[in-house]
Protein chains: 2
Amino acid sequence: MARTGRRPGASSTRDDVLEAARARFAADGFRGATIRAIAADAGVDPAMVHHWFGTKQGLFAAVMDLPVQPATIVEALAAVPADQVGVRMIETFLDVWEEPDRRDRLTILVRTAVTNDDAARMIREFLVDALFAPVARRVSPDRHGLRATLAASQMIGFAMIRYVLRIEPMASASPSDIVAAIGPVVQHHLTADY
Amino acid sequence: MARTGRRPGASSTRDDVLEAARARFAADGFRGATIRAIAADAGVDPAMVHHWFGTKQGLFAAVMDLPVQPATIVEALAAVPADQVGVRMIETFLDVWEEPDRRDRLTILVRTAVTNDDAARMIREFLVDALFAPVARRVSPDRHGLRATLAASQMIGFAMIRYVLRIEPMASASPSDIVAAIGPVVQHHLTADY
């Protein structure tokens, strides 16, 4: 980051934190990076990082320009009966992806994850820790880790076909057809007996 | 392609055809490109292209360095009872992806499709026309287009989680656990009532 010629003040210090976080997440992964180390790299007090970004998840969401906070989704899904979580997950997923600006930002995220190994590591750790594992653990504690990745596989594959590769007829299918087709599958992954 | 200094002969002419095909597939997509146009671009008779590569599918597979011919998979699946196609599709998919050299080549294909719009178009047209649509059409003629993309979404998402992003525990799950978890879902996509 170019440090010459900038004006001093909170906004540039905040940018320093984002830049330090970006480097730490890439080097150490989402799990390995700590607020303390990021704050030290940026030369600020850890309390300021918490003040600006909340949790480490919030800081990661800011670094990755995520259009939605996973914690918001997890909280919303926590109120849904366990036998309806699959349908609600794909409904929520559609809500997030169907909005064009969010879709563009998420497509960039997918491209980054697929082409850069450091990015893939930090994104996978984040997705599991912040989103899929908490949901799967509540719905079905038994084998929740495998269930979480199964549900994730169906939803990420759906995003690939509909938004990234844009394969018809799925690319133009109605949201209600998508929910009817994929909701029961996500539910199956979360709760089926093995 | 550098044309100076090469030795004359069939092998370099064959390379000319591959180079011409690569450009045509990128410009016109898999559906729009024709053997006739590719042969003309390479300055050879179309019969030579058929002789070297068989069908347009075979030429595409050579251009993309595909580790397996989709026609081979479609033929093998044609002998499978309709109610077992889902399980056999994921078994076949595992066979192809678990071999390290094939996996590396397919990972490159995924990365190319995700990051390049021309590549995404030609790869999606090829996957649908050569692989998913023929299988879905036989198993379930009703809505086979949507069914094909649903089955594809589960399998591509599985490949993303297990091989590209390598998210645990799916990345290390046994093939039998994978088949037990995903086979019924692919079958559901191909045959469920909507």
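Residues numbered from 1 in each chain as written. Chains lettered and ligands numbered in written order. Predicted model: local features only at pLDDT ≥ 70, side-chain atom pairs only at ≥ 80, totals over all residues. Heavy atoms only, no water.

Novice: Describe the packing of aromatic side chains, with residues and values.
Specialist: Scanning the model with the defined rule gives 18 aromatic pairs over all chains in all. Relative to Phe60 of chain A, the ring of Phe30 of chain A lies with its centre 5.3 Å away and its plane at 75°, an arrangement referred to as edge-to-face. In this pair, Phe30 of chain A sits in helix H1 (residues 10-32) while Phe60 of chain A sits in helix H4 (residues 56-63), placing the two residues 30 residues apart along the sequence. Like Phe30 of chain A, the residue Phe60 of chain A is buried in the burial classification. Seen from their ring centres, Phe93 of chain B and Trp97 of chain B are 5.9 Å apart, and the 35° between their planes marks the pair as tilted. Of this pair, Phe93 of chain B and Trp97 of chain B both sit in helix H6 (residues 85-98), four residues apart, which is roughly one turn of that helix. Its relative accessible area of 6% is what places Trp97 of chain B among the buried residues. (Phe/Tyr/Trp six-rings, centres within 6.5 Å; stacked < 30°, edge-to-face > 60°. Helix = DSSP H or I, 4+ residues; strand = E, 2+ residues; numbered from the N terminus. Buried < 20%, exposed > 50% of the residue type's maximum accessible area, 1.4 Å probe, protein only.)

Novice: Mind laying out the interface of chain B and chain A, listing which residues take part and the relevant values?
Specialist: Of the residues lining the interface, 38 residues belong to chain B; the matching set on chain A comes to 38 residues. When the area that chain B buries against chain A is broken down by residue, the three leading residues are Val114, Arg124 and Leu165 of chain B, summing to 17%. Across the chain B-chain A interface, the total number found is four salt bridges. Close ionic contact of Arg143 of chain A with Asp177 of chain B constitutes a salt bridge, the shortest N to O distance being 3.0 Å. Here chain B and chain A share 12 residue pairs in polar contact (both at pLDDT 80 or more) between them. Mapped by element, the contributors of at least two residues to the side of chain B that touches chain A are helix H7 (100-115), helix H8 (117-139), helix H9 (144-164) and helix H10 (175-191) of chain B. It is H9 of chain B that contributes the most residues to the side of chain B that touches chain A, 13 residues altogether. Here the side of chain B that touches chain A is composed, by residue class, of 23 nonpolar, eight polar and seven charged. (Contact = heavy atoms within 4.5 Å. Buried area = accessible area lost by both parts, 1.4 Å probe. Salt bridge = Lys/Arg side-chain N within 4 Å of Asp/Glu carboxyl O. Polar contact = N/O pair within 3.5 Å; in protein donor to acceptor, adjacent residues only side chain to side chain. Nonpolar A, V, L, I, M, F, W, Y, C, P; charged D, E, K, R; others polar.)

Novice: An account of the relation of the copies chain B and chain A is requested, with residue identities and associated values reported.
Specialist: The operation relating the pair of chain copies consists of a rotation about an axis and a translation along that axis. Aligned on chain A, chain B shows an RMSD of 0.0 Å; the corresponding rotation is 180° and the shift along the axis is 0.0 Å. The transformation relating the two chain copies, once decomposed into turn and shift, fits a two-fold axis. Residue Gly157 of chain B, judged by its C-alpha, is the member of chain B lying nearest the rotation axis, at 1.8 Å. By residue overlap, the copies meet face to face through one surface: 100% of the interface positions of chain B are interface positions in chain A. (Least-squares fit on C-alpha atoms with pLDDT ≥ 70 in both.)

Novice: An account of the nonpolar core is requested, with residue identities and associated values reported.
Specialist: The biggest cluster of nonpolar side chains holds 144 residues, and the ones touching the most others in it are Phe25 and Leu59 of chain A together with Phe25 and Leu59 of chain B. When neighbours within four sequence positions are excluded, Leu59 of chain A is seen to be in contact with Val17, Leu18, Ala21, Phe25, Ile35, Ile38, Val49 and Phe53 of chain A. (Core = buried A, V, L, I, M, F, W, Y, C linked by side-chain atoms within 4.5 Å.)

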